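Each chain, written out:
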Amino acid sequence: MEIPWRKDLELGEGTSTLEQGARTWEKGSQMPTHLPPTQVFVGSSGGAPHLIMTETGLTNVFADRPGSWHCVTAADIVQADPDVMIIGYYRDDPAFPKIDYLHNNSLLCKMNAVIHADYIGVPFSASTLGPRNGAATVDIAGAVIHVRTGENTINLGQSGVD
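Remember, it's a predicted structure, so these values are computed and weren't measured experimentally.

**Some points on the overall build of the chain**
Now for step 1: Secondary structure assignment for the chain yields 6 helices and 5 strands.
Now for step 2: Starting at the N terminus and ending at the C terminus, the chain contains elements arranged as β-β-α-β-α-β-α-α-β-α-α.
Now for step 3: Expressed as a percentage of the 162 residues in the chain, the buried residues total 49%.
Now for step 4: As presented, the chain carries roughly 7600 Å² of accessible surface, and 54% of it is formed by carbon and sulfur atoms.

**Side note on the pairing of strand S5 (residues 119-123)**
Now for step 1: Across the 5 residues that make up S5, a large majority, 5, are buried.
Now for step 2: Sheet topology places strand S4 (residues 84-89) next to S5; 5 bridges connect them, and they run parallel. When the bridges of S5 are listed, Ile-87 appears paired with Gly-121.

**Looking at the packing of aromatic side chains**
Now for step 1: Applying the stated criterion to the full structure yields 2 aromatic pairs.
Now for step 2: Ring geometry for Phe-41 against Trp-69: centres 6.0 Å apart, planes inclined by 20°, an arrangement best described as stacked. Within this pair, whereas Phe-41 is found in strand S2 (residues 39-43), its partner Trp-69 is found in strand S3 (residues 69-73), the two being separated by 28 residues in sequence. We note that Phe-41, like Trp-69, is buried.
Now for step 3: Taking 6.1 Å as the distance between ring centres and 55° as the angle between the ring planes, the aromatic pair formed by Tyr-90 and Phe-124 counts as tilted. Separated by 34 residues along the polypeptide, Tyr-90 in the loop between S4 and helix H3 (95-104) and Phe-124 in helix H5 (residues 124-127) bring together distant segments of the chain.
Now for step 4: Residue classification places Tyr-90 among the partly exposed residues on the basis of a relative accessible area of 27%.

**Side note on the packing of helix H1 (residues 47-56) against helix H6 (residues 133-149)**
Now for step 1: It is the contact of H1 with H6, at a shortest axis distance of 9 Å, that shows an interaxial angle of 50°. The pairing of H1 with H6 is recorded here as oblique in orientation. Handedness of the crossing formed by H1 with H6: right-handed. From H1, Ala-48, Ile-52, Glu-55 and Thr-56 reach across to H6, where they touch Asn-133, Thr-137, Ile-140 and Ala-141.
Now for step 2: When grouped by side-chain class, the residues that make up the contact of H1 with H6 number 4 nonpolar, 3 polar and 1 charged.

**Considerations on the confidence of the model for the chain**
Now for step 1: Mean pLDDT for the chain: 75, with 70% of residues reaching 70 or above.
Now for step 2: Counted against residues more than four places away or in other chains, residues 1-33, with its pLDDT under 50, gives 183 contacts.

**Here we look at the nonpolar core**
Where a protein is soluble and globular, its nonpolar side chains tend to be buried together.
Now for step 1: Counting residues in each nonpolar core, the largest one holds 20 residues, and the members touching the most others are Phe-62, Ile-77, Met-85, Ile-87, Leu-102, Leu-108 and Tyr-119.
Now for step 2: Only S2, helix H2 (74-80), S4, H3 and helix H4 (112-115) provide two or more residues apiece to this core.
Now for step 3: With 4 residues, the top contributor of residues to this core is H3.
Now for step 4: Membership of the second largest hydrophobic core comes to 12 residues, among which are Leu-58, Val-84, Ile-86 and Val-144.

**Looking at unusual backbone geometry**
Residues apart from glycine generally show negative phi values, whereas peptide bonds are mostly found in trans.
Now for step 1: In the Ramachandran plot, Asp-81 falls in the positive-phi region, its phi being about 50° despite a non-glycine side chain.
Now for step 2: With respect to the helices and strands, Asp-81 occurs in the loop between H2 and S4.
Now for step 3: The class of Asp-81 is partly exposed, set by a relative accessible area of 38%.

Rules of the game
Residues numbered from 1 in each chain as written. Predicted model: local features only at pLDDT ≥ 70, side-chain atom pairs only at ≥ 80, totals over all residues. Heavy atoms only, no water. Helix = DSSP H or I, 4+ residues; strand = E, 2+ residues; numbered from the N terminus. Buried < 20%, exposed > 50% of the residue type's maximum accessible area, 1.4 Å probe, protein only. Areas by Shrake-Rupley, 256 points an atom, 1.4 Å probe, with all protein chains shown as cover. Pairing = 2+ DSSP bridges. Phe/Tyr/Trp six-rings, centres within 6.5 Å; stacked < 30°, edge-to-face > 60°. Axes fitted to C-alpha atoms, helices over the stretch in contact; angles between N-to-C directions. Parallel < 35°, antiparallel > 145°, perpendicular 65-115°, else oblique. Left-handed = near helix turned anticlockwise from the far one by under 90°. Contact = heavy atoms within 4.5 Å. Nonpolar A, V, L, I, M, F, W, Y, C, P; charged D, E, K, R; others polar. pLDDT = per-residue confidence, 0-100. Core = buried A, V, L, I, M, F, W, Y, C linked by side-chain atoms within 4.5 Å.

Spelled out as C-alpha cells, the structure:
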C-alpha cells in the first residue's frame, strides 16, 4: 500500500504505504498470514499503489521489489529514506496504529518523514485498481504539495485521501 514517495513522497522519491499486518487481499497476490513484528507490508513494483504513485509523479522506493505488495523490514524503510509515507487504511485496519508503530519503532522514529509526520492517508478502496484511482491520484498530488510545502493548492477531496 504505498505511498512512496522520497522527493516519492520524490512523495517524488519516496513513499510507501505501510501495513503492520497482512489483512489486505489483492486478487492474485500471495498474502502472508502473519508478519513478524519487525516487518511491514509495502506497495512494490506492481498493482494500483505503484501505478498511482507513478501517475502522481512520485517515486516508489520499493519499486525494485516483486509483486504488488512486499514485506520489508524497518531497516529497509530507513535505508530507502522516503520523504513522505502513504498510509493505507480501512475501517477494520485504521491508520493510527500504523502511525503509532512508526513513532514507537526505534529505527523508524528517527526518520525525517516520521519526525515531521509527513504522512498521507489513503483509503484501501482508493488504492486498489478501480474507478477511484484517478481521483486518488489527483488528491495524493495535492496532499504531497501540502505535506511538503504546507500549501493547499489542490483540494478536490473526491477520493477520501487525507
